[in-house]
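One-letter residues, chain by chain:
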Amino acid sequence: MPAKKTASKRKSESKVEDDKDPKKLKVSHRSHGKEAGQVLVLGQGDVGQLGLGEDIIERKKPALVTLPEGIVQVIAGGMHTVCLSDTGSVYTFGCNDEGALGRDTSGECSEMVPGKVVLESKVVQVSAGDSHTAALTDDGTVYLWGSFRDNNGVIGLLEAMKKCTLPVKVPLTEPVVKISSGNDHLAMVTLEGNLYTSGTGEQGQLGRVAERFANGGGRRGLSRLLTPQVVKVKGKVHFVDAFCGAYFTFAVSKEGYVYGFGLSNYHQLGTKGINMCFLPVKLTCFKNSTTSWVEFSGGQHHTVCLDAEGQVYSLGRAEYGRLGLGQGAEEKSEPTPVTGMEPASRVTCGASVSYAVTREGSVYAWGMGTNLQLGTGEEDDEWSPVKMTGKQLENRAVLMASSGGQHTVLLVKDKQES
């Protein structure tokens, strides 16, 4: 994202809270939610990821989830949902088979309604993948729970073959300012501008493990994958942001350059070829002197991105309409403008679906309709953006959206409060 002008706008901020205690950092980043709202869910929820209890496992239109606090961030994992409150508390619901909820769900159906995760520190950002959840605290510490999986099953979280059903601290010596999760990997940007990754590396998504070691870690074993380590780039690169797709990662430098690594079998990284990238590649397709990139989101095989002007772009696989480029659109190897919407403030992807939240507070959806994630009330695929409607969206502005394997979650605010 060589958005050279972007860097200053999207830089991470950190300040010393107490002069007498310089270790007491309070980290902030452009991606950390500030505005509190309510949570809406839609799609399929047979393992509780809608948070509406055991009797409601499907919603064709957005439905309100009852939570005890105002929420500033919502994240859909593969089959679970994570909500961050305005006081820094984390609530989870959905599938807990690998510990992704970070709390005890032994009570009957307790995973199907929101429950609080016990964390001693104030959380400022959350992320989630298929079977894991991460939380970043205001002092730059990352907590992680659940498990990473590869093509053979569970590989562990911080230790080989060991899942964590409760939050564990990620062993990093640098304060982190941003976290992002793929299906089974985690990227962390530090205050010093380093990028750390951990998790599964089979498709190159860690950006630091050679192909010959990517399956199982080689002689060093799974610790090579699970122990967070720095992604190295030729020359000194200061990273300010990172975004994960299901099996790939984007990282943005202070100068606005975009680097990518991981799976690009449908050109979802914007590479000219379709080989997996096990090391970071500077992506020339995002080097545009007139464009400042502010957000990326990746699905299984496609990417949606946003520039500073509010224009949405897509690239990668086209089936089921996930690129939003109109009926019959074909695979794209470079960012292509998605039309038919007002300027956007956020973009996000599910596996085969895409969303754009506009600056005016509407949300547009497109892609595969099978799981009712688009909010049209039908299972038809949508090849162009469709504005989401519903009773719960009336007189409300959408602040953000997130989508998982079969469900979608929205953060909304009453318009009169805006």
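Residues numbered from 1 in each chain as written. Predicted model: local features only at pLDDT ≥ 70, side-chain atom pairs only at ≥ 80, totals over all residues. Heavy atoms only, no water.

Caption draft 1: Seen up close, the sheet that holds strand β28 (residues 353-358). Pairing is antiparallel across the open sheet formed by four strands, whose spatial order is β27-β28-β29-β30. Each edge of the sheet is formed by a strand with only one pairing partner; in this case those strands are β27 (344-349) and β30 (382-387). Sheet twist, expressed as the average angle between the axes of neighbouring strands with direction ignored, equals 15°. Bridge analysis of β27 against β28 gives five bridges, and the strand direction is antiparallel. (Pairing = 2+ DSSP bridges. Helix = DSSP H or I, 4+ residues; strand = E, 2+ residues; numbered from the N terminus. Axes fitted to C-alpha atoms, helices over the stretch in contact; angles between N-to-C directions.)

Caption draft 2: Highlighting a negative patch on the surface. Together, Glu58, Glu378, Glu379 and Asp380 line one region of the surface with negative charge. Checked against the element boundaries, Glu379 lands in the loop between β29 (363-367) and β30. Classification of Glu379 by relative accessible area gives partly exposed; the value is 49%. (Patch = residues over 30% accessible without salt bridge, like charges linked within 9 Å, V, L, I, M, F, W, Y side chains within 5 Å. Areas by Shrake-Rupley, 256 points an atom, 1.4 Å probe, with all protein chains shown as cover. Salt bridge = Lys/Arg side-chain N within 4 Å of Asp/Glu carboxyl O. Lys, Arg positive; Asp, Glu negative; His and termini not counted. Charge placed at Lys NZ, Arg CZ, Asp CG, Glu CD. Buried < 20%, exposed > 50% of the residue type's maximum accessible area, 1.4 Å probe, protein only.)

Caption draft 3: Local environment of the confidence of the model for the protein. With 93% of its residues at a pLDDT of at least 70, the protein reaches an overall mean of 92. Low pLDDT, under 50, characterises residues 1-22; the predicted model gives this stretch 62 contacts beyond four residues in sequence or across chains. (pLDDT = per-residue confidence, 0-100. Contact = heavy atoms within 4.5 Å.)

Caption draft 4: Just the layout of surface pockets, in detail. Here the largest pocket defines a volume of roughly 740 Å³. Considered class by class, the residues forming the lining of the largest pocket number 17 nonpolar, 22 polar and four charged. (1 Å grid on protein atoms, 1.4 Å probe; cavity = no way out; pocket = protein on both sides within 12 Å on 5 of 7 lines; lining within 4 Å. Points joined across faces, edges and corners; volume = space filled by probe spheres on them. Nonpolar A, V, L, I, M, F, W, Y, C, P; charged D, E, K, R; others polar.)

Caption draft 5: Region of interest: the sheet that holds strand β31 (residues 396-403). Taken in spatial order, the four strands line up as β4-β3-β32-β31 in an open sheet, and their pairing is antiparallel. Both edges of this open sheet fall to β4 (58-65) and β31, since each of them pairs with a single strand only. With direction set aside, neighbouring strand axes in the sheet form an average angle of 25°. The pairing of strand β3 (residues 38-44) with strand β32 (residues 407-414) spans six bridges and is classified as antiparallel. Its bridge partner lying in β32, Val39 is registered against Leu411.

Caption draft 6: Quick peek at the pairing of strand β10 (residues 132-137). Of all the six residues making up β10, six are buried; the element is thus mostly covered by neighbouring parts of the structure. Every second residue of β10 is oriented toward a common face, with His132, Ala134 and Leu136 on one face and Thr133, Ala135 and Thr137 on the other, all of them buried. Sheet analysis places strand β9 (residues 123-128) next to β10, joined by five bridges and oriented antiparallel. Considered in β10, the bridge of Gln125 is made with Leu136. The antiparallel hairpin formed by β9 and β10 contains three residues in its connecting segment. The pairing of β10 with strand β11 (residues 142-146) spans five bridges and is antiparallel. Along β11, the bridge assignment pairs His132 with Gly146. As consecutive antiparallel partners, β10 and β11 are separated by four residues, and within that stretch Gly140 has a phi angle of approximately 90°, a positive value.

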